[in-house]
Amino acid sequence: MTANGNLLIDDAYLETIRRDMIKFARLQLRDQAQAEDAVQETLLAALGNAKGFAGRAALKTWVFAILRNKIVDSIRQHHRTTNISALSSEEESLDQAFEAQFKANAHWNLGARPSDWGNPEETLRQQEFWVVFEACLEHLPENTARVFMMREFLEFETPEVCRELSITTSNCNVILHRARNGLRRCLEKSWFSAGEQPC
C-alpha cells in the first residue's frame, strides 16, 4: 500500500472523506439510505483494492472515481423518476440574476460581461480552486446542481439525464444553462476577481 493509501486506515481522514462522499451521493441519489450504501460499498472497495492504488492520482480523486461508478450503477439499477421540471424559487432567482445582466437590447450591462479568466488550465491544477468550485456548486439549487453533476461529473449523456429525471431535453438544457451561469458568476466573484469574496 502506498503512503497515500495508508490514509484509508486513518480515522480522521476517513471521517472527513466519508462526510464529503455522503453529501455528494445524497445529492445524486436523493435518498439517505442509498447514499450511505453507495459510500459504504465504495469504502469497502477502496480498502479491498488499496494495494492496487498506484498513487498516480490523489487518494480522494481515486475514491471519488469509485463512488462515481457506484452512483451511476445505482441510478441505472433503480431507475427512479423524480420530476424536477417545476421551478423552485431558487431557480427562478438564478434566471432573474441572469436576465439582470443584460440591457433591453440583449447586450451586456456594464460590469456584467464575463471577465477574462486568464489561463483556465493552470487554474484547474490549483487545489484551492476546487474548494471554491465546490462552495459555488453548493450554492446552486439542489436540482440544478444535481443535473449539472449528472451531466458533467457522472458523464451521463443528455438523453440519459432526461430519461432518469423525467425531464425534456429543452428543460435539461435550461437547467444546465442556469447551473453554468450560476457557477460562472460565483467563480468570477470568489476566485477570478481581485480579492476573495463569498458566493
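The structure displayed is predicted, hence computed values, not measured ones.

**Comments concerning the overall build of the protein chain**
Part 1 of the argument: Check the secondary structure of the protein chain and you find nine helices and zero strands.
Part 2 of the argument: Taking all 199 residues of the protein chain together, 40% fall into the buried category.
Part 3 of the argument: Across the protein chain, contacts joining residues at least 24 apart in sequence account for 70% of those joining residues at least 6 apart.
Part 4 of the argument: Here the protein chain has roughly 11400 Å² of accessible surface; of this, 52% comes from carbon and sulfur atoms.

**So, the confidence of the model for the protein chain**
Part 1 of the argument: The predicted model of the protein chain averages 77 in pLDDT, with 70% of residues at 70 or higher.
Part 2 of the argument: Counted against residues more than four places away or in other chains, residues 194–199, with its pLDDT under 50, gives 13 contacts.

**What about the packing of helix 1 (residues 11–29) against helix 3 (residues 59–78)?**
Part 1 of the argument: For the pair helix 1 and helix 3, the least separation of the axes is 11 Å and the interaxial angle reads 30°. The angle between the axes of helix 1 and helix 3 places the two elements in the roughly parallel class. For the element pair helix 1 and helix 3, the recorded crossing hand is right-handed. Two secondary-structure elements touch here, helix 1 through Y13, I17, D20, M21, F24, A25, Q28 and L29 and helix 3 through L59, K60, V63, F64, L67, I71, S74 and I75.
Part 2 of the argument: Of the residues assigned to the contact of helix 1 with helix 3, the class counts are 12 nonpolar, two polar and two charged.

**Things to note about the pattern of salt bridges**
Part 1 of the argument: With the rule as written, the count across this model stands at six salt bridges.
Part 2 of the argument: Salt-bridge contacts for R18 lead to E36; the nearest nitrogen and oxygen are separated by 2.5 Å. Taken together, the residues span a long stretch of sequence, with R18 in helix 1 and E36 in helix 2 (residues 32–48) at a distance of 18 residues.
Part 3 of the argument: Relative accessible area serves as the criterion here: at 27%, E36 is assigned to the partly exposed category.
Part 4 of the argument: R184 is the salt-bridge partner of E188, the closest N and O atoms lying 3.1 Å from each other. You can see E188 and its partner R184 sitting in helix 9 (residues 169–192), four residues apart, about one turn around the helix.
Part 5 of the argument: The exposure class assigned to E188 is buried, which follows from its relative accessible area of 13%.
Part 6 of the argument: Salt bridges linked by common partners bring K23, E134 and E138 together as one network.

Scoring rules and cut-offs
Residues numbered from 1 in each chain as written. Predicted model: local features only at pLDDT ≥ 70, side-chain atom pairs only at ≥ 80, totals over all residues. Heavy atoms only, no water. Helix = DSSP H or I, 4+ residues; strand = E, 2+ residues; numbered from the N terminus. Buried < 20%, exposed > 50% of the residue type's maximum accessible area, 1.4 Å probe, protein only. Contact = heavy atoms within 4.5 Å. Areas by Shrake-Rupley, 256 points an atom, 1.4 Å probe, with all protein chains shown as cover. pLDDT = per-residue confidence, 0-100. Axes fitted to C-alpha atoms, helices over the stretch in contact; angles between N-to-C directions. Parallel < 35°, antiparallel > 145°, perpendicular 65-115°, else oblique. Left-handed = near helix turned anticlockwise from the far one by under 90°. Nonpolar A, V, L, I, M, F, W, Y, C, P; charged D, E, K, R; others polar. Salt bridge = Lys/Arg side-chain N within 4 Å of Asp/Glu carboxyl O.

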